[in-house]
Amino acid sequence: MQYRNIEFVCTGNKGRSPLAEAFARRYANRRRLSKEIELSSSGTLVDFLKNPDMETLGSLLERFSYKALQQGIITKDEVGEIKQRRNLDKILDKIFGEIRERESEQRRIVLGEKGIFAYLDPNRQSRQTIVRANAELILTMDEENYGRVVSIYSNANITPRIELLGKIDDPILSTLEEYREIVNQVEEATERVMDTIL
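Just so we're clear, the structure is a prediction, and the values are computed from it rather than from any experiment. (Residues numbered from 1 in each chain as written. Predicted model: local features only at pLDDT ≥ 70, side-chain atom pairs only at ≥ 80, totals over all residues. Heavy atoms only, no water.)

A.B. asks: Looking at this model, I keep getting lost on the pairing of strand 4 (residues 161-164). Mind explaining?
C.D. replies: Consecutive side chains of a regular strand alternate in pointing toward one face of the sheet and then the other. Bridge analysis of strand 3 (residues 137-140) against strand 4 gives four bridges, and the strand direction is parallel. From the neighbouring strand, Leu139 faces strand 4, where its bridge partner is Glu163. Following the backbone out of strand 3, through helix 6 (residues 143-153) and into the adjacent parallel strand 4, one traces a crossover that is right-handed. (Pairing = 2+ DSSP bridges. Helix = DSSP H or I, 4+ residues; strand = E, 2+ residues; numbered from the N terminus. Right-handed = clockwise from strand over helix to strand, strands pointing away.)

What follows is the structure, given as structure tokens:
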């Protein structure tokens with residue numbers, strides 16, 4: 001076994017990385033390796049999302065504003081407010097309210113189809129990606145998070161292997177079919193890497 005400690009990383013540690021961790025747990029369990037491998041997940045912006053500065057928050061909201069406008073979650077006036085960095089807290093609450101409602105239903109349907117609920121911890125809290133002394137292999141969901149993880153470890157006394165699991169889209173504001181495709185991508189990429197390293 002090449003690595004005994006594997007961490008999956010996305011942005012908020014609510015969507016992709018916990019899924020990858022769950023698929024890896026299922027993989028390890030099926031091969032009777034659960035006791036030999038430590039699996040975890042984290043997010044590079046977990047702490048930031050708890051207390052964001054308005055400029056960076058505005059930049060993040062701009063990335064999703066067009067999709068939110070297309071789906072009728074926000075108005076053209078609110079897109080303008082995002083660009084002007086006004087009322088960001090109110091707009092963020094509106095978008096995340098929709099995300100929470102939609103995500104709950106999507107997770108129930110798609111993860112039920114995958115039979116993965118047994119490998120997800122329903123009480124888990126999102127974890128910030130930090131330097132960990134026992135880190136061996138860190139797998140990120142996209143290039144942006146790859147860069148953040150490299151930066152986090154840039155001055156550390158430990159140098160884990162940091163790899164891109166895939167170019168897997170953030171499921172924020174995804175439709176049911178988009179979410180299903182993202183889950184499929186996470187499952188396939190996770191199983192492919194587990195085949196390679198175990």
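A.B. asks: How do you make sense of the packing of helix 5 (residues 88-114) against helix 7 (residues 176-197) when you look at a structure like this?
C.D. replies: A packed helix pair is summarised by two numbers, namely the angle formed by the two axes and the spacing between the axes. It is the contact of helix 5 with helix 7, at a shortest axis distance of 10 Å, that shows an interaxial angle of 40°. One element, helix 5, and the other, helix 7, form an angle in the oblique class. The crossing of helix 5 and helix 7 is right-handed. Contacts from Gln106, Arg107, Ile109, Val110, Leu111, Glu113 and Lys114 in helix 5 reach Leu176, Tyr179, Arg180, Val183, Asn184 and Glu187 in helix 7. Classifying every residue of the contact of helix 5 with helix 7 gives six nonpolar, two polar and five charged. (Axes fitted to C-alpha atoms, helices over the stretch in contact; angles between N-to-C directions. Parallel < 35°, antiparallel > 145°, perpendicular 65-115°, else oblique. Left-handed = near helix turned anticlockwise from the far one by under 90°. Contact = heavy atoms within 4.5 Å. Nonpolar A, V, L, I, M, F, W, Y, C, P; charged D, E, K, R; others polar.)

A.B. asks: Help me out: how do you make sense of the pattern of salt bridges in this one?
C.D. replies: Charged atoms that come close allow side chains of opposite charge to pair. Across all of its chains, the model carries 22 salt bridges by this definition. Of the charged contacts in the structure, one is a salt bridge between Glu143 and Lys167, with a shortest N-O distance of 3.3 Å. Taken as a pair, Glu143 in helix 6 and Lys167 in the loop between strand 4 and helix 7 lie far apart in primary sequence, 24 residues in all. Overall, Lys167 belongs to the exposed group, its relative accessible area being 62%. The shortest N-O distance in the salt bridge between Glu144 and Arg148 comes to 2.8 Å. Placement of the pair is Glu144 and Arg148 together in helix 6, with a separation of four residues, close to one helical turn. Members of the salt-bridge network, linked through shared partners, are Arg26, Lys114, Glu187 and Glu191. (Salt bridge = Lys/Arg side-chain N within 4 Å of Asp/Glu carboxyl O. Buried < 20%, exposed > 50% of the residue type's maximum accessible area, 1.4 Å probe, protein only.)

A.B. asks: Could you clarify how one ought to interpret the packing of helix 3 (residues 54-70) against helix 4 (residues 76-83) in this entry?
C.D. replies: Viewed as axis vectors pointing N to C, helix 3 and helix 4 meet at an angle of 165°, and their least axial separation amounts to 9 Å. In terms of orientation, helix 3 lies roughly antiparallel with respect to helix 4. By crossing handedness, the relation of helix 3 to helix 4 is classed as left-handed. Contact residues: helix 3 offers Gly58, Leu61, Glu62, Ser65 and Leu69, while helix 4 offers Lys76, Val79, Ile82 and Lys83.

A.B. asks: Got a minute to help me understand the sheet that holds strand 1 (residues 5-10) in this structure?
C.D. replies: Within a sheet, adjacent strands bond to each other through the backbone by hydrogen bonds, running parallel or antiparallel. Spatially, four strands are ordered 2-1-3-4 in an open sheet, and the strand pairing comes out parallel. A strand with exactly one partner marks an edge of an open sheet, and here the two such strands are strand 2 (38-43) and strand 4. Each adjacent strand pair in this sheet contributes to an overall mean axis angle of 20°, direction not counted. Direction of pairing for strand 1 relative to strand 2: parallel, over a ladder of six bridges. Bridge assignment links Ile6 to a residue of strand 2, and that residue is Leu39. On top of the sheet, helix 6 reaches strand 1, strand 3 and strand 4; it is set at about 170° to strand 4, its chief contact.

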